[in-house]
Amino acid sequence: MRDFDSDSDPGETREWLDALDASVRAGGRERGLFLLRKLEEQAQHLGIIAHVPYSAYRNTIPLEEQGAYPGDLELEERITSIMRWNALAMVVRANQAYGDLGGHIASYASAAEIFEVGFNHFFHGGNDTRGADLVFFQPHSAPGVYARAFLEGRLGEERLANYRQEVGGNGLSSYPHPWLMPDFWQFPTGSMGIGPISAIYQARFMRYLEHRGIAAMGERHVWGVFGDGEMDEPESVAALTLAAREKLDNLTFVINCNLQRLDGPVRGNGQIIQELESLFIGAGWNVIKVLWGSDWDALFARDTHHVLLRQLSATVDGQYQTLGANDGAYNQSHFFDLDPELRALVAHMTLGEIDALKRGGHDFRKLYAALRAARAHRDGPTIVLAKTKKGYGMGGVGESRMTSHQQKKLDLDALKVFRDRFGLALSDDALVEMRFHPLAENSRESVYLRERRAALGGPLPMRRATAPPVQVPPLDRYARFALEAAEHQMSTTTAVVRIISNLLKDDALGPRIVPIVADEARTFGMANLFRQIGIYSPVGQLYEPEDAASMLRYREAKDGQLLEEGITEAGALSSWVAAATSYSVHGIAMLPFYIYYSMFGFQRVGDLIWAAADQRSRGFLLGATAGRTTLGGEGLQHQDGSSHVVAATVPNCRAYDPAFAYELAVVVDHGARQMVERQEDVFYYITVMNENYAQPSMPQRVAADIVRGMYRFLTTVAGSEPPQARLLGSGTILREVIAAAALLRDDWHVTTEVWSVTSFSELAREARGVERANRLRLGDEPARSHVEQCLTGTAPIVAATDYVRAYPQLIASYVDARFVALGTDGFGRSDTRAALRGFFENDRWHVVVATLHALARQGDLPPTVVAAAIERYGIDATADPPWDH
Ligand SMILES: Cc1ncc(C[n+]2csc(CCOP(=O)(O)OP(=O)(O)O)c2C)c(N)n1
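Procedures and definitions
Residues numbered from 1 in each chain as written. Predicted model: local features only at pLDDT ≥ 70, side-chain atom pairs only at ≥ 80, totals over all residues. Heavy atoms only, no water. Near = heavy atom within 4 Å. Polar contact = N/O pair within 3.5 Å; in protein donor to acceptor, adjacent residues only side chain to side chain. Areas by Shrake-Rupley, 256 points an atom, 1.4 Å probe, with all protein chains shown as cover. Nonpolar A, V, L, I, M, F, W, Y, C, P; charged D, E, K, R; others polar. Axes fitted to C-alpha atoms, helices over the stretch in contact; angles between N-to-C directions. Helix = DSSP H or I, 4+ residues; strand = E, 2+ residues; numbered from the N terminus. Parallel < 35°, antiparallel > 145°, perpendicular 65-115°, else oblique. Left-handed = near helix turned anticlockwise from the far one by under 90°. Contact = heavy atoms within 4.5 Å. Buried < 20%, exposed > 50% of the residue type's maximum accessible area, 1.4 Å probe, protein only. Pairing = 2+ DSSP bridges. Lys, Arg positive; Asp, Glu negative; His and termini not counted. Salt bridge = Lys/Arg side-chain N within 4 Å of Asp/Glu carboxyl O. Phe/Tyr/Trp six-rings, centres within 6.5 Å; stacked < 30°, edge-to-face > 60°. Lys NZ or Arg CZ within 6 Å of the ring centre and 35° of its normal. Patch = residues over 30% accessible without salt bridge, like charges linked within 9 Å, V, L, I, M, F, W, Y side chains within 5 Å. Core = buried A, V, L, I, M, F, W, Y, C linked by side-chain atoms within 4.5 Å. Expected span 1.5 Å × (residues − 1). Bend = angle between axes of the 7 residues up to and from the residue.

**A short note on the site of the ligand**
And then number 1: Around the ligand there are 18 residues in total, and Ser107, Gln138, His140, Gln260 and Lys390 lie nearest to it.
And then number 2: Between the ligand and Met192, the relevant distance is 3.1 Å, taken from a nitrogen atom to a main-chain nitrogen or oxygen of the residue.
And then number 3: Contact between the ligand and Asn258: an oxygen atom at 2.9 Å from a side-chain N or O atom of the residue.
And then number 4: Protein chains bury 76% of the 590 Å² of accessible surface belonging to the ligand in isolation.
And then number 5: Residues belonging to the shell around the ligand are distributed by class as follows: 2 nonpolar, 11 polar and 5 charged.

Next comes the structure, spelled out in structure tokens:
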């Protein structure tokens, strides 16, 4: 505690207090407050108080601590200029030739120095002694990354010329997409916000692997270059406190603060840099600001009264943009002339020199010092806020202009300005033809580039996918309880948790499993895992848990295996992606199982799942308490009727809605082998229910068809004729369908086949492939899909599900028979399961009515039978449809 009572100079203190008294007497309260505010401001500038969570509007690292630049500045600047040109040429060429291919110039123009300091001095490519750094690139700056790869000889000219023309197979992706460039891009960042949250969870997962003794990470670091506009995305800021709480000093964000987003300024009437600084300080990050280039140093040195600093602090970002878009004369009259002292400060400078004053994010020395300090910082993550200009160097057509982001074509005059601005050795012809600028094999630039990357372990970005396979134990060793359930009562949620618990005990696969929950382990019956494997915490458990004496005690441990993420589905999903891409990022295959309320998956964090798919994630997503009617009491926002429809649109997602524990076990086994033994780029989405029911044992010879998507479960024979109708049921509704088959036999003498459909989406995937092949390869013997083979003939089909009708309708066009779908279209609501199934009209009685109606429609039964059934089962035929409620 400081002692504010001991006064070393009472006379001076008296003078100050008297002065304040006098001012208030003369000027009133307002005047007194004004003076106090000014004093506070001054005290901040002097660094003696820090009440506000941001610092003055200047560089965090003072010149004295900047240190020497370790690279060849002049050479690096020349190389960067060449990259700028090639990146620009790539975009302009594509748009000149094809008109509407898009692409961006201005973002990389602002980020070039940030990228290049990283590439030349920090981003480690990995070698024999250490793994590669993880680098997340600002997506629409991809042309700059390609331009570098071109100069390094990694990409040929033809590839650059095919920017954004990917269909032919030899083009370059618009943004970082591992699916499309699997040897190059590691992390998809094209959807803003996903990069930042992913970077944090990747850094955290590295710690997890270390603490569990699975892999040593050494000096490996996670770097993320993101936009200041991008920081408005909720995902961008969702996990900041986690990064600080877990002391992730293996993580650095560099925010390219060009003050603009697509349409205009990020904070025209404020200061995004100051706002981000306080946000990150509040979240516990180390913040380093890089605002002003080296040519400002002398001005700050002479700014003894802080007049410059005051003016900088008082200028809002919209004004900074206008200053950035204009020349030295404008900056003189609209900034320096605003205060006589300020004018005097730059009186010795020419307008050209004022014009050339750089922002810190374009100054290699300032950036280097910041990244080095970030790298050296311990016990927490660092954010570098680098102030730049959008469209830097694009002159009148794009530098700090409102329309900078959209600028994709430059005329000859603009190209000449650009060439001259960066001193490029390009003839006018080369400009007209937009020729790429290569480096001669043994030029100084070329040698330097190669040397720098060699010193940093090799090229980057580079995606690897070579992880040793992991053996999955035999199915009956870990899931016999499900295969031979013998009518034992159990929910499929219980079954999957038991499968996971058993797999965890396997010597080979067990340690590789990563169970993940947001905050519902108890809901899903996983509390036993707390003790069995522990909850991961980098500091172990610093408290005596309230339930210490319990068998299921809440146990946190440094080597805990369960990731208990808290109420953040975005965070939990990002953890899942980190584990699901470990085979590629770390060369170690892990098998994550993320179990969550199914409604809070594809619907809530669907875009993260889409990015996970792009990234070739391998693992299990388990949508629990799934379906719209199994979760009786929870109601509209909890009941999921749509996730399977969305899952069906993700090309490498294998989605299943199993009814029985053995179906689930077969799918998990198949998926695990496909992903960690055969190492295929798929992931699984399986819905599991919290509804307890008798689980049959697995019939003979159905395993392969369970994986294909359907198998015949039973046939109910009402007479001697062949089946009159086919009933399809999936997930929990299969049980209603089985009951309906009995009613049809007993009440209406109708023979039916009952099929368990484990996946309408897998059936549809195969069927559309077969249909396409038959269409395009006329002359070959036409093939028949599994659906067609199962559902031959024209006996009507009634398919019932706990999802919307669009889900079973995925297969409707592949069968010859009339296809009737029953589902749960409409809003969910709370009630009993039986009441909900009655409401949505997917219970056994509605299945019967739908079947009778289909048979009557084609003349197999008299029309009166339908009304008779409605009457018999007490169905209210006058009710409004459920989707209108
Ligand atoms: C989720 C999402 N929303 C919108 C976009 C479209 N978009 C691409 S770049 C961009 C502006 C980015 O601004 P900023 O993050 O400030 O980066 P800058 O280009 O200014 O460096 C927008 C809106 C996107 N890619 N992702």
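That covers the picture; the talk isn't over yet.
**Examining the packing of helix H2 (residues 73–98) against helix H3 (residues 106–121)**
And then number 1: Following both chains from N to C, one finds H2 and H3 inclined at 130 degrees, their axes separated by 10 Å at the closest point. One element, H2, and the other, H3, form an angle in the oblique class. For the element pair H2 and H3, the recorded crossing hand is right-handed. Note on element contacts: H3 touches H2 through Tyr108, Ala109, Ala112, Glu113, Glu116, Asn120 and His121, opposite Glu76, Thr80, Met83, Arg84 and Ala87.
And then number 2: Split by residue class, the contact of H2 with H3 holds 5 nonpolar, 3 polar and 4 charged.

**Quick word on the pairing of strand S4 (residues 286–290)**
And then number 1: By the criterion of burial, S4 is predominantly enclosed, with 4 of the 5 residues buried.
And then number 2: Summarising the sheet, S4 and strand S5 (residues 382–387) pair through 5 bridges and their orientation is parallel. From the neighbouring strand, Val290 faces S5, where its bridge partner is Ala386.

**Structural notes on the side chain of Arg726**
And then number 1: Looking at the secondary structure, you find Arg726 in strand S17 (residues 725–729).
And then number 2: Buried within the structure, Arg726 lacks any salt-bridge partner; Glu753 is the closest side chain of opposite charge, at an N-O distance of 4.9 Å.
And then number 3: A polar side-chain atom of Arg726 sits 2.7 Å from the main-chain carbonyl oxygen of Thr792.
And then number 4: Apart from residues no more than four positions distant in its own chain, Arg726 is found in contact with Glu753, Trp755, Cys790, Leu791, Thr792, Gly793, Thr794, Ala795, Pro796, Ile797, Val798 and Ala817.

**A closer look at the packing of aromatic side chains**
And then number 1: One pass over the full model with this rule turns up 50 aromatic pairs.
And then number 2: Judged by centre distance (4.6 Å) and plane angle (35 degrees), the ring pair of Tyr594 and Tyr596 falls under tilted. When sorted by exposure, Tyr594 lands in the same class as Tyr596, which is buried.
And then number 3: Taking 6.5 Å as the distance between ring centres and 55 degrees as the angle between the ring planes, the aromatic pair formed by Tyr662 and Tyr711 counts as tilted. A residue pair is termed long-range when its members are at least 10 positions apart, and Tyr662 in helix H27 (residues 661–677) and Tyr711 in strand S16 (residues 710–716) qualify at 49 residues. Side by side, Tyr662 and Tyr711 carry an identical accessibility label, which is buried.
And then number 4: Over the aromatic face of Trp845 sits the side chain of Arg844, whose NZ or CZ is 5.5 Å from the ring centroid.

**Focus: the sheet that holds strand S20 (residues 819–822)**
And then number 1: If you walk across this open sheet you meet the 5 strands as S16-S18-S17-S19-S20, and the pairing is mixed. At either end of the open sheet lies a strand with only one pairing partner, and these are S16 and S20. Along the sheet, successive strands turn relative to each other by an average axial angle of 20 degrees, direction set aside.
And then number 2: Relative to strand S18 (residues 752–757), S16 is paired through 6 bridges, and the arrangement is antiparallel. Residue Thr715 lies in a different strand from S18, and its bridge partner there is Glu753.
And then number 3: Contacting S16, S17, S18 and strand S19 (797–800), helix H29 (residues 734–748) runs over the sheet at an angle of about 180 degrees to S18.
And then number 4: Sheet strands in contact with helix H33 (residues 844–857) are S17, S19 and S20, and its direction is about 160 degrees off that of S20.

**Focus: a nonpolar patch on the surface**
And then number 1: Together, Trp16, Leu33, Leu36 and Leu39 line one region of the surface with nonpolar side chains, adding up to about 380 Å² of accessible area.
And then number 2: Among the secondary structure elements, Leu39 is positioned in helix H1 (residues 10–45).

**Regarding unusual backbone geometry**
And then number 1: Note the cis peptide between Leu460 and Pro461, where omega equals 0 degrees.
And then number 2: Relative to the helices and strands, Pro461 is located in the loop between helix H19 (444–455) and helix H20 (475–483).
And then number 3: Phi at Leu259 is positive, roughly 70 degrees, even though this residue is not glycine.
And then number 4: Within the element layout of this structure, Leu259 appears in the loop between strand S3 (251–257) and helix H9 (272–283).
And then number 5: Phi angles above zero are rare outside glycine, and Thr625 is one such case at about 45 degrees.
And then number 6: Tracing the sequence through the fold places Thr625 in the loop between strand S12 (620–624) and helix H26 (643–647).
And then number 7: On the accessibility criterion, Thr625 (2% relative accessible area) is buried.

**Here we look at the pattern of salt bridges**
And then number 1: Applying the stated criterion to the full structure yields 47 salt bridges.
And then number 2: One salt bridge connects Glu677 with Arg673, and the closest N-O pair in it is separated by 3.2 Å. Of this pair, Glu677 and Arg673 both sit in helix H27, 4 residues apart, which is roughly one turn of the helix.
And then number 3: Residue class for Arg673 comes out buried when judged on its relative accessible area of 18%.
And then number 4: One salt bridge in this structure joins Arg844 and Glu736, with 2.9 Å as the shortest N-O distance. Here the residue Arg844 occupies a position in helix H33, and Glu736 occupies one in helix H29, the gap between them amounting to 108 residues.
And then number 5: Sharing partners across several salt bridges, the network here consists of Arg207, Glu210, Asp249 and Arg378.

**Here's the deal with the nonpolar core**
And then number 1: Counting 116 residues, the largest nonpolar core has Leu728, Leu791, Ile811 and Leu852 as its most contacted members.
And then number 2: With near-sequence residues (within four places) excluded, Leu852 lies in contact with Leu744, Trp748, Val750, Leu861, Val865, Val866 and Ala869.
And then number 3: Ranked by size, the runner-up nonpolar core spans 89 residues in total, among them Leu134, Ala203, Val222 and Ile272.

**Here we look at the sheet that holds strand S1 (residues 134–136)**
The pairing of strands in a sheet comes from backbone hydrogen bonds and takes either a parallel or an antiparallel form.
And then number 1: The sheet built from 5 strands is open, its strands ordered S1-S2-S3-S5-S4 with parallel pairing. With partners counted over all chains shown, the strands left at the sheet margins are S1 and S4, one partner each. The mean inter-strand angle of the sheet, taken between neighbouring strand axes irrespective of direction, is 15 degrees.
And then number 2: As defined by bridge partners, S1 adjoins strand S2 (residues 222–227) across 3 bridges and the pair is classed as parallel. Pairing of Val135 across the sheet is with Trp223, part of S2.

**Concerning the environment of Lys505**
And then number 1: You can see Lys505 is positioned in the loop between helix H21 (492–504) and strand S7 (513–517).
And then number 2: Lys505 sits in the exposed class, given a relative accessible area of 57%.
And then number 3: It is 9.1 Å that separates the C-alpha atoms of Lys505 and Tyr478, two residues lying 27 residues apart in sequence.

**A few points about H3**
Residues that lie three or four places apart on an α-helix share one face, since the helix turns once every 3.6 residues.
And then number 1: In this model, H3 (16 residues) spans 24 Å end to end at C-alpha, consistent with the 22 Å of a helix rising 1.5 Å per residue.
And then number 2: The largest bend along H3 reaches roughly 50 degrees and is located at Ala112.
And then number 3: For H3, the buried fraction is high: 16 of the 16 residues fall into the buried class.

**Regarding H27**
And then number 1: Compared with an ideal rise of 1.5 Å per residue, which puts 17 residues at 24 Å, H27 spans 23 Å between its outermost C-alpha atoms and is within 8% of the ideal.
And then number 2: Across the 17 residues that make up H27, a large majority, 15, are buried.
And then number 3: Of the residues trailing H27, Gln679 is marked for its positive phi of about 55 degrees.

Remember, this is a structural readout, not a statement about activity or role.
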